[in-house]
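Read off the chains here:
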Amino acid sequence: MANIKKTINTRLIHGPVDGDKHTGAVNVPIYQTSTYSQISPGKHKGYEYSRTGNPTREALEKLIADLESGYAGFGFASGLAAITAVLSLFKSCDKIIISNNVYGGTFRVLNTVFKNFGIGHELVDTSKPEEVEAAITDGVKAIYIETPTNPLLNITDIKAISEIAKAHNLYTIVDNTFYTPYLQRPIEYGADIVIHSATKYLGGHSDLIAGLVVVNNKEIASKIAFIQNSMGGVLQPFDSFLLIRGIKTLGVRMDRHVSNAEILAEALRNNSEVKKIYYPGFKEHPGHDINFKQAKNGGAIISFELTENHNVDRFFEGLKHFILAESLGGVESLVCHPASMTHAAIPREIRDSVGITDSLIRLSVGIEDVKELQDDLEQAIAASRRYGR
Ligand SMILES: *Cc1c(COP(=O)(O)O)cnc(C)c1O
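Everything numeric here is computed off the predicted structure, so don't read it as measured data. (Residues numbered from 1 in each chain as written. Predicted model: local features only at pLDDT ≥ 70, side-chain atom pairs only at ≥ 80, totals over all residues. Heavy atoms only, no water.)

### Details of the overall build of the protein chain
Item 1. On a plain count of helices and strands, the protein chain comes out with 14 helices and 12 strands.
Item 2. For a compact globule of 389 residues, the expected C-alpha radius of gyration is about 21 Å, and the protein chain comes in at 22 Å, within 12% of that figure.
Item 3. The proportion of buried residues among the 389 residues of the protein chain is 52%.
Item 4. Taking the intrachain contacts of the protein chain between residues at least 6 apart in sequence as the baseline, contacts between residues at least 24 apart amount to 71%.
Item 5. One way to put it: in the protein chain the 40 positive side-chain charges average out to a point 4 Å from where the 44 negative ones average out. (Helix = DSSP H or I, 4+ residues; strand = E, 2+ residues; numbered from the N terminus. Rg over C-alpha atoms; globule rule 2.2 N^0.38 Å. Buried < 20%, exposed > 50% of the residue type's maximum accessible area, 1.4 Å probe, protein only. Contact = heavy atoms within 4.5 Å. Lys, Arg positive; Asp, Glu negative; His and termini not counted. Charge placed at Lys NZ, Arg CZ, Asp CG, Glu CD.)

Dropping the structure here:
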């Protein structure tokens, strides 16, 4: 079995560590232990202390490394703990180029915490590789991207960015939360490090906070392993189990998320009350062709604006199936108002200038019945009209 090349749908379920070799249990057990008995001082069975290593977490780490075509994986207590661990590779006077609309928490930790340690950052529109190239100065050590970005779904060419990074001896870091390895595997396009908020699609059920890091070689793996053990923000055994369990259904969930999203995006595009829509699955979406070179499809996040004839608050209040909440990637459909929720910390002029207007709406399309989701959007749009049609 071990040498047979398995496709991703099989690997999601039978990862590198499958079941329990001691009992035949079909699931990896939850090793709820902090420590391990040693045979004699310094002689142990591979585990000493659960911050350093835990078999349940290790099964998850091997699974995500395999899925992302990486060398090694690491489990963290949250997406931000994973991001913090990766940023801890850098030292004072180093600088990181980041996408100009990275996840708010990534920007915040760089702009507050890491700034105090002398680690700089520069915001660049990474969808334009020439602007990335132009921003590379002496201290720059890494390029950190998200593709697609939140909430406007801008696309960055992973291969083009990795080539620039390699030419200048920089790391390419990709936050792959929005697509997961089922849709996009950045390491296959030259990335060195992939980060996940596994809270989202990988966990998939809005019941878990977790983060993952995957690296492409032994050298970075030993650095991240050292940081993981030294800084200590590890994922717990039970949460590791939940995440393994979530990942088993990633393929079927993503297929449904995406097919629902494609139908809803098309319905919204054809709706005369929708002024603007952002969905990477559309031919006219900027970056569509690059997206389809590096990813399987356009994912399941849609952003749109209603015409001025609509009261946006009433649209949110009128929804019956879509839940107004932060986060994304769970089986249930969620809706959010980026300007007041995820991007509230950004001043309005900047928000408006990049397109995150007060009327922008973001959907995380769930796996419910798509007709009922479509009816829900349409009735809420109708209920939010200011004056008839
Ligand atoms: C949610 C999110 C994070 C942060 O992850 P947590 O698990 O909430 O700490 C990072 N990046 C992206 C793209 C996210 O959506």
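### What about the environment of F117?
Item 1. Along the chain, F117 falls in the loop between α4 (104-116) and β3 (120-124).
Item 2. Overall, F117 belongs to the exposed group, its relative accessible area being 53%.
Item 3. Counting along the chain gives 64 residues from F117 to P181, while the straight-line C-alpha distance between them is 33 Å.

### Here we look at the sheet that holds strand β8 (residues 274-278)
Backbone-to-backbone hydrogen bonds pair the strands of a sheet. The strands run either parallel or antiparallel.
Item 1. Pairing is mixed across the open sheet formed by five strands, whose spatial order is β8-β9-β12-β11-β10. Lying at the two open borders of the sheet, with one neighbouring strand each, are β8 and β10 (323-324).
Item 2. In this structure, strand β11 (residues 334-336) lies alongside strand β12 (residues 360-364), joined through three bridges in antiparallel fashion. Across the sheet, the residue bridging to C336 is R362, located in β12.
Item 3. The sheet strands contacting helix α10 (residues 250-269) are β8, β9 (301-306) and β12, and the helix crosses β9 at an angle near 15 degrees. (Pairing = 2+ DSSP bridges. Axes fitted to C-alpha atoms, helices over the stretch in contact; angles between N-to-C directions.)

### So, the pairing of strand β1 (residues 72-76)
Item 1. Where burial is concerned, most of β1 is hidden: five out of the five residues are buried.
Item 2. Residues A72, F74 and F76 point to one face of β1 and G73 and G75 to the other, with burial holding for every one of them.
Item 3. As defined by bridge partners, β1 adjoins strand β7 (residues 211-215) across five bridges and the pair is classed as antiparallel. Note that in β7 the partner of F74 across the bridge is V213.

### Considerations on the side chain of N150
Item 1. Mapped onto the fold, N150 is located in the loop between β4 (140-146) and α6 (158-167).
Item 2. Engagement of the side chain of N150 in a polar contact is seen with the side chain of R362, the distance being 2.9 Å.
Item 3. Leave out the neighbours within four places in its chain, and N150 touches N101, F178, H343 and R362. (Polar contact = N/O pair within 3.5 Å; in protein donor to acceptor, adjacent residues only side chain to side chain.)

### So, the nonpolar core
Item 1. Ranked by internal contacts, the top residues of the largest apolar core, which has 62 residues, are L243, I302, F315, I361 and L363.
Item 2. Per-element accounting of this core gives the leading share, seven residues, to α10.
Item 3. When residues are assigned to domains, this core turns out to be shared by domain 1 (51-248) and domain 2 (250-383), each giving three or more.
Item 4. When neighbours within four sequence positions are excluded, L363 is seen to be in contact with L268, A300, I301, I302, F304, F322, L334, V335 and L377. (Core = buried A, V, L, I, M, F, W, Y, C linked by side-chain atoms within 4.5 Å. Domains from an automatic or database assignment.)

### Regarding a nonpolar patch on the surface
Item 1. Taken together, the side chains of I346, I350 and V354 define a hydrophobic patch exposed on the protein surface, amounting to about 220 Å² of accessible area.
Item 2. Overall, the relative accessible area of 45% leaves I350 in the partly exposed class. (Patch = residues over 30% accessible without salt bridge, like charges linked within 9 Å, V, L, I, M, F, W, Y side chains within 5 Å. Areas by Shrake-Rupley, 256 points an atom, 1.4 Å probe, with all protein chains shown as cover. Salt bridge = Lys/Arg side-chain N within 4 Å of Asp/Glu carboxyl O.)

### Things to note about the UniProt feature "modified residue: N6-(pyridoxal phosphate)lysine" (unreviewed entry) in the protein chain
Item 1. As recorded in UniProt, the feature "modified residue: N6-(pyridoxal phosphate)lysine" (unreviewed entry) lies at K200.
Item 2. Of note, K200 is situated in the loop between β6 (193-197) and β7.
Item 3. Apart from residues no more than four positions distant in its own chain, K200 is found in contact with T177, S327, L328 and G329. (UniProt positions renumbered as here; feature names shortened; annotations may be inferred.)

### Some words on the domain arrangement of the protein chain
Item 1. Here the domain parsing of the protein chain yields domain 1 (51-248) and domain 2 (250-383).
Item 2. Computed over C-alpha atoms only, the centres of domain 1 and domain 2 are separated by 25 Å.
Item 3. At the interface, 28 residues of domain 1 touch 40 residues of domain 2.
Item 4. Between domain 1 and domain 2 the total buried area reaches about 2,900 Å² when both faces are included, carbon and sulfur atoms providing 59% of it.
Item 5. The interface formed by domain 1 and domain 2 contains one salt bridge.
Item 6. In this assembly, domain 1 and domain 2 are joined by 18 residue pairs in polar contact (both at pLDDT 80 or more).
Item 7. Of all the secondary structure elements, the ones that give two or more residues to the side of domain 1 that touches domain 2 are α6, α7 (180-183) and α9 (237-248). (Buried area = accessible area lost by both parts, 1.4 Å probe.)

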